[in-house]
Amino acid sequence: MGRLFVAALLLFVAGCSAGENAVPGGGKIGALLAKAPVYTGQVTPGSAVDRIRKRGKLLIGGSQDAPLLSQLDPISGELTGFDAYLGKLLAKYLVGEPSTELLSATSETREPLLANGTVDVIIQTYTITPARRERVAFAGPYYRSGQSIAVRKGTAGITKPADLAGKTVIVGANTPGVKAVQDVAPTANIVEFGSDPECLTALKQGRGEAYVQDQAILVADASKDSELQLVGEPFTEDPYGIGIKHGDAEFQRFVDDWLREIGKSGLWQDVWKQTIGTVVTGDAPSPPAIAS
């Protein structure tokens, strides 16, 4: 998912912005932080958790320009979005308050940032793959993305993948969306365009009844275009994990336990409703099962 994010490496220090250290009551994150858990168990001396607690803040590799995932609001100075809010909640669990620093990461820099200890975690739509597991420890998955359906707002009759049967469906040329549509709706008429903007234009012009693309891309599109509506949840698998330094099984288990806790309490769903759920129709999904 590196194409969603800037290539430049920019340090964003939380203390430089009041929004980054928002307290309960400040913006959307306030209500979430008010009911966020704090870890009160024992900590192994010298462990990642011990180092983070002594430092007093969580160092996160992520993004500042991914709408509804992790985007810097230029007015409030607050990082907003699903990934950004999870980072704040994890920081509160670790150190008792939502104190973070964000280092903007790219697909090329994520693993070095973890390996050299510049960041504690990567929270950046980081897809879990076998090849990446050889270099990174993943907690989670914390979110399941994949191919999703977008329609023009007000379109009736398309609520699930099977409804694409017999419809004209727009997809990006040479993207996984082509096979995904063929698999779920063999009778769909697939029309390919070369880029995401071209696909969106074609949809709005009525040259297709639906557009199938990775949900992370569609979420960003829908946040900027009120004519676009996402339908349901992804129908293919693209699991996002929280990246952790390779070999740190103890910290991986710690973050996994936190993910289970916020999933069981409903806090994960609350984060979804405040962010991705503002452009995706339907109830909040269940968080994915932890598979470490």
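Everything below is about the structure printed above this text.
In this text, all values refer to a predicted model and were calculated from it rather than measured experimentally. (Residues numbered from 1 in each chain as written. Predicted model: local features only at pLDDT ≥ 70, side-chain atom pairs only at ≥ 80, totals over all residues. Heavy atoms only, no water.)

Where do I start with the sheet that holds strand 10 (residues 168–172) in this structure?
Within a beta sheet, neighbouring strands are joined by backbone hydrogen bonds and run either parallel or antiparallel to one another. Taken in spatial order, the five strands of this open sheet run 11-10-12-9-13, and their pairing is mixed. Two strands lie at the open edges of the sheet, namely strand 11 (189–193) and strand 13 (228–231), each paired on one side alone. When strand polarity is set aside, the average angle formed by the axes of neighbouring strands in this sheet is 35°. The pairing of strand 9 (residues 147–152) with strand 13 spans four bridges and is antiparallel. Residue pairing across strands places Val-151 opposite Gln-229, the latter belonging to strand 13. Each of strand 9, strand 10, strand 11 and strand 12 (210–214) touches helix 6 (residues 176–184); the most contacted strand, strand 10, lies at about 150° to it. (Pairing = 2+ DSSP bridges. Helix = DSSP H or I, 4+ residues; strand = E, 2+ residues; numbered from the N terminus. Axes fitted to C-alpha atoms, helices over the stretch in contact; angles between N-to-C directions. Contact = heavy atoms within 4.5 Å.)

Can you walk me through the packing of aromatic side chains in this structure?
When we look at a pair of aromatic rings, we describe it by the centre distance and by the angle of the planes. With the rule as written, the count across this model stands at ten aromatic pairs. An angle of 75° between the planes, with centres 4.9 Å apart, marks the rings of Tyr-39 and Phe-254 as edge-to-face. Residue Tyr-39 is located in the loop between helix 1 (28–34) and helix 2 (48–55), and its partner Phe-254 is located in helix 9 (residues 249–265); the two are separated by 215 residues in the primary sequence. Ring centres of Phe-82 and Trp-268 lie 5.6 Å apart, and the angle between their planes is 85°; on these two criteria the pair is classed as edge-to-face. With Phe-82 in helix 3 (residues 82–95) and Trp-268 in helix 10 (residues 267–274), this pair connects stretches of sequence that are 186 residues apart. Given a relative accessible area of 2%, Trp-268 falls into the buried group. Among the aromatic residues, those joined into a ring-pair cluster are Phe-82, Tyr-142, Tyr-143, Tyr-240 and Trp-268. (Phe/Tyr/Trp six-rings, centres within 6.5 Å; stacked < 30°, edge-to-face > 60°. Buried < 20%, exposed > 50% of the residue type's maximum accessible area, 1.4 Å probe, protein only.)

These results come straight from atomic positions and should not be treated as a statement about function.
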